[in-house]
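# Inside the fold
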Amino acid sequence: YYAATLVPLGAADAASGIDLTLELAGSIAGTVTFSSPPPLFPGYVEAYGGGSPCCAYMSASIQNDGTYVINGLPPGDYTIHVYASGFVGEYFDNVVEGSGGATTPVTVNALQTTTGINFSVDLGGTVSGTVTDGNGDPILNAYVYLYKDGCCGSWFAWANNGSFNLDRLPPGNYRVAAYAAGYQFEYYDNTQDYGLATLVNVTAGGVSSGIGIALEP
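Predicted model, so just to flag it, every value in this text is computed and none were measured.

### Structural notes on the sheet that holds strand β11 (residues 125-132)
Pairing within the open sheet is mixed, and its three strands lie in the order β14-β11-β18. Of all strands in the sheet, those with a lone pairing partner are β14 (163-169) and β18 (207-214), marking the two edges. Averaged over all neighbouring strand pairs, the angle between strand axes comes to 20°, with direction disregarded. As paired strands, β11 and β18 are joined by six bridges and run parallel to one another. Bridging across to β18, T126 finds its partner in V207.

So this is what it looks like as structure tokens:
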């Protein structure tokens, strides 16, 4: 998009000679299996990276039977990601979103469909709460970070009105922290020490709410 040549047009102008040469494309196909009944509109699978120049991006909706096909991809290697409301995001092959694990590239060849790019996704949990100042007033434009206990992963949210909601989290225990310009970085519950932070338990399909963090200047 950013490498495209702009075509100037004025009132009543006509631009001619705007020729395009299309390259042969390939496809990626697979099936998404859900650990629990999926929502009415299951979600989508997206491919990014690969191709030339950079960077091709396409997506396809997950059908009610769990199948998907991403068409129109220039030849190259792609990172494939699945998104479904309420379910933990995942990259191919079996890499949880936010974990920082190495993904497996999927190769696309012209006029061919790369099949068997399958996912099995689990129901995620949610953490919600507020970021306030010492007077209990909401802090605008605060940043909230979640760190999974043990190994591995970190997640981020923007509490632009003093409240935050992070969903599709893998079940487990998390440290929750917040920061805003002019305030000190702090973990829940009222500590700046990572080791003393109160762990917040996240369960599949559950909501851990009421996580309040009060920041000091």
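So, next bit.
### A look at the packing of aromatic side chains
Any pair of aromatic rings gets described here by the distance separating the centres and the angle formed by the planes. By the definition in use, this model includes 11 aromatic pairs. With a centroid separation of 5.2 Å and an interplanar angle of 25°, the aromatic rings of Y44 and Y83 are classed as stacked. With Y44 in strand β2 (residues 44-48) and Y83 in strand β5 (residues 76-83), the pair connects residues that are 39 residues apart, well separated along the chain. Since its relative accessible area comes to 31%, Y44 is described here as partly exposed. Between the aromatic rings of Y145 and F185, the centroid separation amounts to 6.1 Å while the plane-to-plane angle is 40°, which identifies the pairing as tilted. Of this pair, Y145 sits in strand β12 (residues 142-148) while F185 sits in the loop between β15 (172-179) and β16 (186-187), and the two are 40 residues apart along the sequence.

### Focus on the pairing of β2
Both β2 and strand β3 (residues 57-61) contribute to a ladder of five bridges, which runs antiparallel. The residue of β3 that forms the bridge with Y44 is S61. In terms of strand pairing, β2 meets β5 through five bridges, oriented antiparallel. Among the inter-strand pairings, Y44 is bridged to a residue of β5, identified as Y83.

Criteria and thresholds
Residues numbered from 1 in each chain as written. Predicted model: local features only at pLDDT ≥ 70, side-chain atom pairs only at ≥ 80, totals over all residues. Heavy atoms only, no water. Pairing = 2+ DSSP bridges. Helix = DSSP H or I, 4+ residues; strand = E, 2+ residues; numbered from the N terminus. Axes fitted to C-alpha atoms, helices over the stretch in contact; angles between N-to-C directions. Phe/Tyr/Trp six-rings, centres within 6.5 Å; stacked < 30°, edge-to-face > 60°. Buried < 20%, exposed > 50% of the residue type's maximum accessible area, 1.4 Å probe, protein only.

Fair warning: the whole summary comes from geometry, so function is off the table for now.
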